[in-house]
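# What the coordinates show
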There are 2 protein chains.
Amino acid sequence: MRPKEGNGLSREPRRVTSFDVARAAGVSRAAVSRAFTPDASVSEKTRQKVYQAAKELGYRVNYLARSLTNKRSDFVGLVAAGLDNPYRTQQLEHLARALIARNYRPILLPTSKEADSATVIGQLLHYSVSGVIVTSDAPPSHIFEECAVEGVPIVLINKGEDFPFVDRVVSDDRMSGYTAVDHLIETGAKRLAVIAGKAVSYSSRRRAEAFQSRCTGLGIEAPLIPVAINDYRHGHEAAEKLLDMGIDGVFSVNDYMACGVLDGLAKAGRGDGSVKVIGHDDIPQASWIAYELTTFQQPCDVQAEQVIDLLTSRMSEPDAVARVEFTPVTLIKRRSA
Amino acid sequence: MRPKEGNGLSREPRRVTSFDVARAAGVSRAAVSRAFTPDASVSEKTRQKVYQAAKELGYRVNYLARSLTNKRSDFVGLVAAGLDNPYRTQQLEHLARALIARNYRPILLPTSKEADSATVIGQLLHYSVSGVIVTSDAPPSHIFEECAVEGVPIVLINKGEDFPFVDRVVSDDRMSGYTAVDHLIETGAKRLAVIAGKAVSYSSRRRAEAFQSRCTGLGIEAPLIPVAINDYRHGHEAAEKLLDMGIDGVFSVNDYMACGVLDGLAKAGRGDGSVKVIGHDDIPQASWIAYELTTFQQPCDVQAEQVIDLLTSRMSEPDAVARVEFTPVTLIKRRSA
DNA sequence: CTGTTAGCGCCTTCAA
DNA sequence: TTGAAGGCGCTAACAG
């Protein structure tokens, strides 16, 4: 059955096509195509004949060829950055699973300096992707236009840019900012502060703003402790400043950084709970015994569903007005506050 | 310039093809194709004409159509599981970046009960993938044959199955097992043990075996403390047993679980360093102040390169004998041992 | 170096 | 419901 050249297991991937199946089943190629197309018009009888022949020959529909005629592939770009933050990983995994569950194939595109999101999305446009999901820094707006022109939906997660045809899913940052203040005060904290990356992320900024705005409303002062990046190391460094300033209640805009804050406090001999800490995201480490971090759960599964809903509805209605979905947050109380 | 129906920004993705570019540039479609094919035979002059026209029209090569003729796409399947373990995330990110750097597109496929690796790899075969990288549980062997038939290279990471045409990259588990013993003894531990998932992972098992074999060689006893899964929770639970058994030096086959062990010890009031702990992988958390875990670094970047080397060399030599590459490990000494 | 000619594997009208 | 025919966008093989 193998091609030629009897070197044991010669290659030359002799692929079987719909033509082969058609011949074997005694039907036309169109019939084969229909048999493998959901709700196409085929009799059960031919369908079975086709399936039978297909199985015997080891036939698989070539989805790439299919997308050529369909003008749309099953691929969805997943543009991500900061995967060292465990929350990002969770998001990624949930998105990937949710996509696969709906028969999409996620193309993973980690961003960095060399490969920024714009370049990367540009690349995606070569594959007739069904959509693009962005968790990294928001790309420059010109890329949105390109996508719009090619009819490729984009969904941004926790980003701020308001742009025609670009949908977004954002977590309820005002809620977390406000609640953080209230809870810190409830636990007895007097001198509050918030740690957040300087203009690094939309959600980060919004949480910090909400926190401060709530404080202002209550007539208390609450400085922003700026850091370069919202990560463990910078959280750790911020802990010192915190102590210098006499803060006893702090909101770290994500857990990843909050872990650093807690460790920094512990290192300075203040791991006794005298400084209350609230994080955000409820990453696995937040419930680890070393931290037991009070935090806001931001359910990735819900978020993923929201994202995909936006994606699919935009596919059917490309010209719809841009929408924003809010992911609810829930305060999880633990030892740290 | 837009199609019809003047509803402001009407859609109907009017894609521009090589035909359009050819016409605009006054050349043939083949010329256009060549202009976009690395080291194809085109004069600089036509190439420029083509680029010019392409830019004006906003042309992009349709890679899907290209793969149709090439019979091979740029896609590489990334089959992964256990992404809650931060080391897995690191692997994933490095693999993805390494692939993209070489102009492959990683398709992310997280596995689980519903979507086991076999099913998932089967799906991939519809896309003429250039290869498959497996970090999850090894798939059943029949899938290897299917891939071999279709000429799709597979590389397994830290898996044991020895199968024709299937290459593997494995970390130097014997080395870590041996070194763990020696280092624990050096730091003064007397009663050793190793914690490992029961038949859950190849590397896990191999590390444990090496550990015990070294102990036997030194004439000391070293029980295996079995757990269901090598994760934080089970590490935490294992800590109790450890103390019951009077162990004072333990090798946890991965860091993720080791963090649980350390937390379990701390919770039992034995976070004083009286029980030495060594982990494996050097995940970010291992260097967090709460843990300062002595561990083995297993460089993801090296591993990723090894994987891709195997992948690409098998593409050119599909019938080569299966190879195994070893990833070196390095002991990183920290507070925990 | 360039254009022409055939497909790659599939899907979608269109008649029957 | 079925088959025939044409085309999706691109590239490889072959002249010139």
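Before reading further, recall that the structure is shown in the block above.
All values derive from a computational prediction rather than experimental measurement.

## Focus: the protein's contact with DNA strand D
- As a matter of local geometry, DNA strand D sits amid 27 residues, with Ser41 of chain A together with Ser18, Arg29, Ser33 and Arg66 of chain B nearest to it.
- Each atom of DNA strand D within 4 Å of the protein was assigned to sugar, phosphate or base; sugar and phosphate come to 65%.
- In the model, a base oxygen of DNA strand D is placed 2.7 Å from a nitrogen or oxygen of the Arg34 of chain A side chain.
- The side chain of Lys71 of chain A places a nitrogen or oxygen atom 2.7 Å from a phosphate oxygen of DNA strand D.
- Of all the secondary structure elements, the ones that give two or more residues to the surface near DNA strand D are α2 (29–35) and α4 (63–70) of chain A together with α2 (29–35) and α4 (63–70) of chain B.
- Residue contributions to the surface near DNA strand D peak at five residues, all from α4 of chain B.

## Points about the protein's contact with DNA strand C
- Close to DNA strand C lie 27 residues; Ser18, Arg29, Ser33 and Arg66 of chain A together with Arg34 of chain B are nearest.
- Atoms of DNA strand C within 4 Å of the protein: sugar and phosphate make up 62%, bases the balance.
- Contact distances for DNA strand C include 2.7 Å between a phosphate oxygen and a side-chain N or O atom of Tyr59 of chain A.
- Side-chain polar atom of Ser41 of chain B to a phosphate oxygen of DNA strand C: 2.7 Å apart, as the coordinates give it.
- Per-element accounting of the surface near DNA strand C gives the leading share, five residues, to α4 of chain A.
- A class-by-class count of the residues in the surface near DNA strand C yields 10 nonpolar, 11 polar and six charged.

## Some details on the sheet that holds strand β7 (residues 224–227) of chain B
Residue and element names in this part refer to chain B.
- With parallel pairing, the four strands of this open sheet are ordered in space as β7-β6-β8-β9. Since the sheet does not close on itself, it has two edges, and those belong to β7 and β9 (276–278), each with one partner. Each neighbouring strand pair of the sheet contributes to a mean axis angle of 20°, computed without reference to strand direction.
- Here strand β6 (residues 192–197) runs beside strand β8 (residues 249–252); their pairing, made up of four bridges, is parallel. Within β8, the position partnered with Val194 by the bridge is Phe251.

## Description of unusual backbone geometry
- The residue Asp39 of chain A is not glycine, and still its phi comes out positive at about 35°.
- Here Asp39 of chain A shows up in the loop between α2 and α3 (44–57).
- The phi dihedral of Asp282 of chain B falls on the positive side, at around 55°, and the residue is not glycine.
- Tracing the chain through its elements places Asp282 of chain B in the loop between β9 and β10 (295–297).

## Examining the relation of the copies chain B and chain A
- Each copy superposes on the other: chain B lies on chain A with an RMSD of 0.1 Å after a rotation of 180° and an axial shift of 0.1 Å. Those values place the two copies in the arrangement expected of a two-fold rotation axis. When C-alpha distances to the rotation axis are compared across chain B, the minimum falls at Ile107 of chain B, with a value of 2.3 Å.
- Both copies contact each other with a shared surface, as 100% of the interface residues of chain B are interface residues in chain A too.

## Looking at the nonpolar core
- The biggest cluster of nonpolar side chains holds 88 residues, and the ones touching the most others in it are Ile195, Phe211 and Leu242 of chain A together with Ile195, Phe211 and Leu242 of chain B.
- With near-sequence residues (within four places) excluded, Leu242 of chain B lies in contact with Ile195, Ile225, Ile247, Val250, Val261, Leu265 and Val275 of chain B.
- Grouped together as the second largest cluster of nonpolar side chains are 69 residues, Val27 and Ile100 of chain A together with Ala22 and Val27 of chain B included.

## Details of the sheet that holds strand β9 (residues 276–278) of chain A
Residue and element names in this part refer to chain A.
- Pairing in this open sheet of four strands is parallel, and the strands run β7-β6-β8-β9 from one edge to the other. In this open sheet, the two edge strands, each paired with only one partner strand, are β7 (224–227) and β9. Strand-to-strand twist of the sheet, defined as the mean angle between neighbouring strand axes without regard to direction, takes the value 20°.
- Pairing analysis gives four bridges linking strand β6 (residues 192–197) to β7, with the strands arranged parallel. Looking across to β7, one finds that Val194 is bridged to Leu224.
- Contacts from helix α10 (residues 232–244) reach β6, β7 and β8 (249–252) within the one sheet, and its direction differs from that of β7 by about 145°.

## A closer look at the pairing of strand β2 (residues 105–110) of chain A
Residue and element names in this part refer to chain A.
- With six of six residues buried, β2 is to be regarded as a mostly interior element.
- Burial of the side chains of β2 extends over both faces: Arg105, Ile107 and Leu109 are buried on one face and Pro106, Leu108 and Pro110 on the other.
- Where strand β1 (residues 75–80) and β2 come together, six bridges link them in parallel fashion. In the strand pairing of β2, Gly77 is matched with Ile107.
- This β-α-β element, β1 to helix α5 (residues 86–101) to β2, shows right-handed connectivity.

## Some points on the packing of α5 of chain A against helix α12 (residues 300–316) of chain A
All names here are of chain A.
- Across the interface, α5 lies against α12 with an axial gap of 9 Å and an inter-helix angle of 50°. Considered as vectors, α5 and α12 are oriented oblique to each other. The interaxial crossing formed by α5 with α12 has right-handed handedness. For the pair α5 and α12, contact is made by Tyr87, Gln90, Gln91, His94, Leu95, Ala98 and Leu99 and by Cys300, Asp301, Gln303, Ala304, Glu305, Val307 and Ile308, respectively.
- Looking at side-chain class alone, the contact of α5 with α12 contains eight nonpolar, four polar and two charged residues.

## Examining the side chain of Arg60 of chain A
- On the secondary structure map, Arg60 of chain A appears in the loop between α3 and α4.
- Only 3.1 Å separates the side chain of Arg60 of chain A from the side chain of Glu150 of chain B, close enough to count as a polar contact.
- Aside from chain neighbours lying at most four places away, what touches Arg60 of chain A is Gly122, Leu125, His126, Glu146 and Glu150 of chain B.

## Some thoughts on the pairing of strand β3 (residues 131–134) of chain A
Residue and element names in this part refer to chain A.
- Burial along β3 is two-sided: Gly131 and Ile133 and Val132 and Val134, pointing in opposite directions, are all buried.
- Where β1 and β3 come together, four bridges link them in parallel fashion. When the sheet's bridge partners are listed, Val79 is paired in β3 with Val134.
- Both β3 and strand β4 (residues 154–157) contribute to a ladder of three bridges, which runs parallel. What sits directly across from Ile133, in β4, is Val155.
- A crossover links β3 with its parallel partner β4, the connecting element being helix α7 (residues 142–150), and its sense is right-handed.

Quick notes on the rules
- All residue numbers refer to positions counted from 1 along the written sequence of the respective chain.
- In the order they appear in the text, chains get letters beginning with A and ligands get numbers beginning with 1.
- The predicted nature of this model means local features are confined to residues of pLDDT at least 70 and side-chain atom pairs, given and counted, to a pLDDT of 80 or more, with totals for whole chains, interfaces and linings taken over all residues.
- The basis for the side-chain values is all heavy atoms of the structure; hydrogens and waters are excluded.
- Residues are classed as near a molecule or strand on a simple rule: at least one heavy atom within 4 Å of it.
- N or O atoms closer than or at 3.5 Å make up a polar contact, with two conditions inside protein: a donor-capable atom paired with an acceptor-capable one, and, for residues adjacent in sequence, both atoms drawn from side chains.
- By the criteria applied, helices consist of DSSP H or I runs no shorter than four residues and strands consist of E runs no shorter than two, each listed in order from the N terminus.
- Basically, the charged four are Asp, Glu, Lys and Arg, the nonpolar ten are Ala, Val, Leu, Ile, Met, Phe, Trp, Tyr, Cys and Pro, and anything else, Gly included, counts as polar.
- Following DSSP output, two strands are said to pair if at least two bridges run between them.
- Axis lines are fitted through C-alpha atoms, for helices just across the contact stretch, and the angle between N-to-C directions can take any value from 0 to 180 degrees.
- Least squares is the method used to superpose the copies, on C-alpha atoms of residues holding a pLDDT of at least 70 in both.
- For this analysis, residues touch if any pair of their heavy atoms sits within 4.5 Å.
- Only buried Ala, Val, Leu, Ile, Met, Phe, Trp, Tyr and Cys residues count toward a nonpolar core, and they belong to the same one when joined by side-chain atoms within 4.5 Å.
- The buried label goes to any residue with under 20% of its type's maximum accessible area, the exposed label to any with over 50%, and the partly exposed label to all in between, with areas taken from a 1.4 Å probe on protein chains only.
- By convention, orient the strands away from the viewer: a clockwise path from the first strand over the helix to the second makes the crossover right-handed.
- For this classification, under 35 degrees means roughly parallel, over 145 means roughly antiparallel, 65 to 115 means roughly perpendicular, and everything else is oblique.
- The crossing is said to be left-handed when, going from far helix to near helix, the turn is anticlockwise and less than a right angle, and right-handed when the turn is clockwise.

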